[in-house]
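Notes for the structure review
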Amino acid sequence: MSRTPSSAPRRPGLLLALATLVVTFYLWLFLHAETQTGVALLLALALAAGLAAGRLRLVRSVEIAGNRRPGLARALAVAGALALIAAFHESHFVLLMICTVLLYTTACLGLTVQFGFSGVANFAGAAFFGIGAYATAVLAANTGLPHLLILVLSGAAAALVGSLLITPVLRTRGHYAALVTIAFGILFRTFIEVNDVLGGPQGLQVPGMRLFGYELNDGFTLFGADVSFYASYALLSLALCGGVFALVKALERSWIGLAMDVVRTDETAAATFGLHIARWKVVAFVMGNFFAGVAGSVYGMITGFIAPNNFTFPDSLLMLSIVVLGGLGNAAGLLPAAVIVLVLPEKLQFIQEYRFLLYAALVIAILLFRPDGLLPRRTRVFFHREPQR
Amino acid sequence: MSVLGQYLFNGLMLGVIYAMVAVGFTLFFGVLDVIKFSHGDVLMVGAFAGLAASLGVMHLGVESAAVQLLAVVLAALCVTGLLGALIARFLILPLRKAPPLNTLLATLMLGTVLREAVRLFYPDGSNPKPFPALLPSATLDLGGLSLRSDSLIILCAGVAVIVGVHLLITRTRLGMAIRAVAQDGETARLMGINFDAVVLLTFALGSGMAALAGVMNGLYYNEINFNIGLLLGVIGFAAAILGGLGNLYGAILGGFLFAGLQVLGSAALPALIPDIPSAYRDVFAFAVVIVLMAWKPTGLIAEKSSERV
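About the thresholds
- Note that residues are indexed from 1 along each chain, following the sequence as it is written.
- As a convention, the first chain written is A and the first ligand written is 1, with the rest following in written order.
- Local features are withheld for residues below a pLDDT of 70 in this predicted model, meaning they are given only at 70 or higher, and side-chain atom pairs are given and counted only at 80 or more; totals for whole chains, interfaces and linings count all residues.
- The helix count covers DSSP runs of H or I at least four residues long, the strand count covers runs of E at least two residues long, and both are numbered beginning at the N terminus.
- Atoms considered for the radius of gyration are the C-alpha atoms alone. The globule rule reads 2.2 Å times the number of residues to the power 0.38.
- Whether a residue is buried, exposed or partly exposed follows from its count of other C-beta atoms within 10 Å of its own C-beta, namely 20 or more, 12 or fewer, or something in between, respectively; the C-beta atoms are built from the backbone.
- Remark: residues whose backbone-derived C-beta atoms lie within 7 Å of one another are considered to be in contact.
- Confidence scores labelled pLDDT are given residue by residue by the predictor and lie between 0 and 100.
- Lines fitted to C-alpha atoms define the axes here, with helix axes fitted over just the stretch in contact, and angles between the N-to-C directions of these axes take values from 0 to 180 degrees.
- Working rule for angles: under 35 degrees goes down as roughly parallel, over 145 as roughly antiparallel, 65 to 115 as roughly perpendicular, anything else as oblique.
- Just so you know the grouping, Ala, Val, Leu, Ile, Met, Phe, Trp, Tyr, Cys and Pro go in nonpolar, Asp, Glu, Lys and Arg go in charged, and all remaining residues, Gly too, go in polar.
- Here, a nonpolar core denotes buried Ala, Val, Leu, Ile, Met, Phe, Trp, Tyr and Cys residues that are linked to one another through C-beta atoms within 7 Å.
- One less than the residue count of a helix, multiplied by 1.5 Å, gives the span that helix is expected to have.

Counting secondary structure elements, chain A contains 16 helices and six strands. Its C-alpha atoms give chain A a radius of gyration of 21 Å, within 12% of the compact-globule value 21 Å for 389 residues. Along the first, second and third principal axes, the C-alpha atoms of chain A reach 70 × 60 × 40 Å. Considering chain A as a whole, with its 389 residues, one finds that 44% of them fall into the buried category. Restricting the contact set of chain A to residue pairs at least 6 apart, pairs at least 24 apart contribute 78%.

Structure (structure tokens):
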């Protein structure tokens with residue numbers, strides 16, 4: 001008999017609201033913390049709370065509650081993010097960090113569709129991110145297209161360049177397939193570094209975004225308070241990330257996601273059931289690259305400047321480690337993982353130098369001791385029926 | 001003629017180094033069916049161990065280049081042999097049951113750990129280090145083709161190492177054990193072969209080879225850098241895969257093939273398209289690798305694979 005009395009929450013809505021409140025408040029404190037001791041104290045608190053919550057099955061309860069009321073959970077998450085953006089409306093640095101986390105999460109959602117759903121390993125995530133950013137730089141500088149269209153076109157450019165790899169990706173498997181994307185990641189970086197048209201090692205400038213005649217690079221005043229221009233970008237990133245998240249979740253729940261899962265777990269079985277293996281791999285690969293490209297496009301506009309050094313092989317590894325750390329295939333796990341991987345080193349200035357070392361070690365430890373990641377992916381539940389007793 | 005000879009010689013030189021790295025990949029894949037991606041960074045650690053040893057010997061007041069060279073090679077071999085065995089024992093054997101890409105990712109991350117550790121903890125490790133020139137540097141003139149004797153020695157040493165490892169694998173009891181484990185680990189155990197010992201020895205052997213390649217690389221360019229491992233590792237991996245994983249000859253073939261592509265890229269591209277920078281050689285080489293993978297998805301000398309359902 002399946003009895004999960006302690007983890008099935010009685011009032012999912014209340015639990016979700018409480019969880020959102022706690023997490024948002026904690027993030028607010030954490031982003032505010034200036035001194036090293038403060039940050040360390042908060043980290044210790046988070047570690048203890050995380051362990052306790054895991055012990056008390058609190059995390060699981062929240063997860064179940066989120067599954068019961070997905071609409072409410074998303075609305076609360078967006079509200080939490082909006083509250084954070086509002087709270088830090090003056091601080092450029094914090095807002096930039098929020099943007100980076102949201103955009104990396106978007107790119108990693110793409111990788112999740114590829115690697116987590118269909119089993120197509122992509123070791124060149126940063127390269128597709130970079131293609132999006134470079135496409136934006138070139139298009140915005142040389143054409144008068146509306147920027148929203150450029151956003152889509154940049155994603156399409158990433159997907160298009162990625163589709164050059166479709167034949168080798170489809171024909172190879174396992175390690176052989178890994179080589180294809182690794183080679184592509186290195187090729188891309190070398191190419192933009194030696195290519196004078198694209199700025200070479202110095203990189204390119206990207207103009208800021210203009211939406212319906214409104215320049216996002218201008219700050220504005222709202223209710224008498226000066227708002228950093230990054231706030232508009234943070235809202236844009238939030239909209240993008242939320243949209244892609246909803247899309248990926250819907251995909252996962254649909255028959256397409258089911259087909260992709262079967263293709264990943266057992267190609268032979270998938271073929272036996274009449275699934276077109278190549279079709280789903282191509283769909284996942286193109287779609288993932290598109291998401292990474294769009295995220296890279298916005299990232300380029302935010303930073304205003306892109307160089308080959310932003311899109312190296314270690315950056316691709318950073319993205320993959322977010323995907324693995326969050327729990328392979330679990331879209332909701334990406335955000336906490338991205339926060340850990342991207343925000344923590346910014347706050348802990350003394351480990352700034354050691355951050356690649358620490359993250360690499362952390363990912364190794366997770367692969368060794370918790371191979372399913374922090375929030376392992378659960379089997380999808382289509383009908384929320386109470387377990388029969 | 002002499003220009004062509006020069007290109008050929010450069011290609012051979014690079015090919016030997018790449019082949020030595022690729023043989024390591026193929027050995028590991030043979031015994032455990034895993035890719036150890038930290039291989040390139042183990043190579044770099046070996047080169048740095050050699051550098052440290054040469055500085056230490058110099059500090060002791062020994063001026064003889066031969067003694068220094070011996071110290072460099074021994075230090076590089078010991079450090080990486082031990083490192084390779086440790087990696088196998090504590091990272092790769094525990095991950096045997098995990099999906100292959102988890103192992104790949106874990107070892108990629110280990111490579112990052114090694115790279116960052118050298119960058120941060122080796123004194124002034126983030127800057128390129130001069131590698132002492134320990135080989136006689138006379139110039140040989142062969143009918144318009146001038147060869148540096150140190151390059152020639154490195155080339156011969158590389159070929160000798162590859163031939164030596166080949167003989168070790170095909171002619172000795174240890175080699176027989178390695179081949180047995182590669183064919184079927186379970187059956188090898190039944191035949192009384194100490195599986196763990198063979199795996200650890202294989203990893204030590206492959207890592208030692210990588211260290212020699214790293215030292216040769218340092219002697220050739222007279223400079224080492226904390227991030228040489230990444231590119232050399234990727235190239236070695238590409239070479240091993242191009243040739244076909246698990247196949248010793250494939251790895252050697254792949255190494256020379258990749259070097260050939262690079263040399264072709266730097267020699268032929270400027271001839272075809274004027275004023276194209278020679279830095280495009282890597283772009284060219286990796287592009288050809290991707291095309292070759294599309295053509296021969298399991299390498300030029302394909303491993304025999306069949307799937308039991």
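Next up on the list: the overall build of chain B. Counting secondary structure elements, chain B contains 11 helices and four strands. By principal-axis analysis of the C-alpha atoms, chain B measures approximately 60 × 55 × 40 Å. Taken over 309 residues, chain B has a buried fraction of 50%. The long-range fraction of contacts in chain B, counting pairs at least 24 apart against all pairs at least 6 apart in sequence, stands at 74%.

A separate point is the confidence of the model for chain A. Residues and elements named next belong to chain A. Chain-level pLDDT for chain A is 84 on average; 91% of the residues reach the 70-or-more range. Here strand 4 (residues 220-222) stands out as the element of chain A with the lowest mean pLDDT, 66, in contrast to helix 13 (residues 277-303), whose mean of 93 is the highest. Low pLDDT, under 50, characterises residues 1-5; the stretch is placed with three contacts to residues that sit more than four places away or in other chains.

Attention now moves to the packing of helix 5 (residues 92-117) of chain A against helix 13 of chain A. Residues and elements named next belong to chain A. Contact pair helix 5 / helix 13: the axes reach a minimum separation of 8 Å and the direction vectors enclose 170°. The angle between the axes of helix 5 and helix 13 places the two elements in the roughly antiparallel class. Contacts from Cys99, Leu103, Thr106, Ala107, Leu109, Gly110, Leu111, Val113, Gln114 and Phe117 of helix 5 reach helix 13 at Ala284, Phe285, Met287, Gly288, Asn289, Phe291, Ala292, Ala295, Gly296, Val298, Tyr299 and Ile302. By residue class, the composition of the contact of helix 5 with helix 13 is 16 nonpolar, six polar and no charged.

To continue, consider the nonpolar core. Counting 224 residues, the largest nonpolar core has Ala183 and Ile322 of chain A together with Ala76 and Ala238 of chain B as its most contacted members. Filtering out sequence-adjacent residues up to four positions away, Ala76 of chain B remains in contact with Gly46, Ala47, Ala49, Gly50, Ala211, Leu212, Gly214 and Val215 of chain B.

Once that is clear, we can look at the packing of helix 5 (residues 149-171) of chain B against helix 6 (residues 173-183) of chain B. Between two packed helices, what matters for the description is the angle formed by their axes and the separation of those axes. Residues and elements named next belong to chain B. Here helix 5 crosses helix 6 at 75°, and the two axes come no closer than 5 Å. Accordingly, the angle class assigned to the pair helix 5 and helix 6 is roughly perpendicular. Contact with helix 5, carried on its side by Leu168, Ile169, Thr170 and Arg171, involves Leu174, Gly175, Ile178 and Arg179 of helix 6 and no other residues of that element.

Taking 1.5 Å as the rise per residue, helix 1 (residues 2-32) of chain B with 31 residues should run 45 Å; its terminal C-alpha atoms sit 45 Å apart, in good agreement. In the segment just after helix 1 of chain B, Asp33 of chain B is the residue with positive phi, at about 55°.

Right, let's talk about the environment of Leu76 of chain A for a bit. Residue and element names in this part refer to chain A. Tracing the chain through its elements places Leu76 in helix 4 (residues 70-87). With 21 C-beta atoms counted inside 10 Å, the residue Leu76 sits in the buried group. For the pair Leu76 and Gly13, spaced 63 residues apart in the sequence, the C-alpha separation amounts to 9.9 Å. Here Leu76 is in contact with Leu16, Ala17 and Thr20, once residues within four sequence places are set aside.

A few words now on helix 7 (residues 147-163) of chain A. Residue and element names in this part refer to chain A. For helix 7, which comprises 17 residues, the first-to-last C-alpha distance of 24 Å matches the rise-based estimate of 24 Å (1.5 Å per residue) to within 8%. Within helix 7, burial applies to Ile150, Leu151, Leu153, Ser154, Gly155, Ala157, Ala158, Ala159 and Gly162. In this structure, the buried residues of helix 7 make contact with helix 6 (125-142) and helix 13.

Looking now at unusual backbone geometry. Residues other than glycine seldom take positive phi values, yet Asp33 of chain B does so here, at roughly 55°. Within the secondary structure, Asp33 of chain B is located in the loop between helix 1 and helix 2 (39-59).

This brings us to the confidence of the model for chain B. Per-residue pLDDT for chain B has a mean of 86; in total, 95% of the residues score no lower than 70. Across the assembled chains, the prediction reports ipTM 0.86 with pTM 0.88.

On to the environment of Leu211 of chain A. Residues and elements named next belong to chain A. Considering the arrangement of structural elements, one finds Leu211 in strand 2 (residues 210-211). Judged by local crowding, Leu211 falls into the partly exposed class, with 13 C-beta atoms found within 10 Å. Along the backbone, Leu211 and Pro146 are 65 residues apart, and their C-alpha atoms lie at a distance of 7.7 Å.

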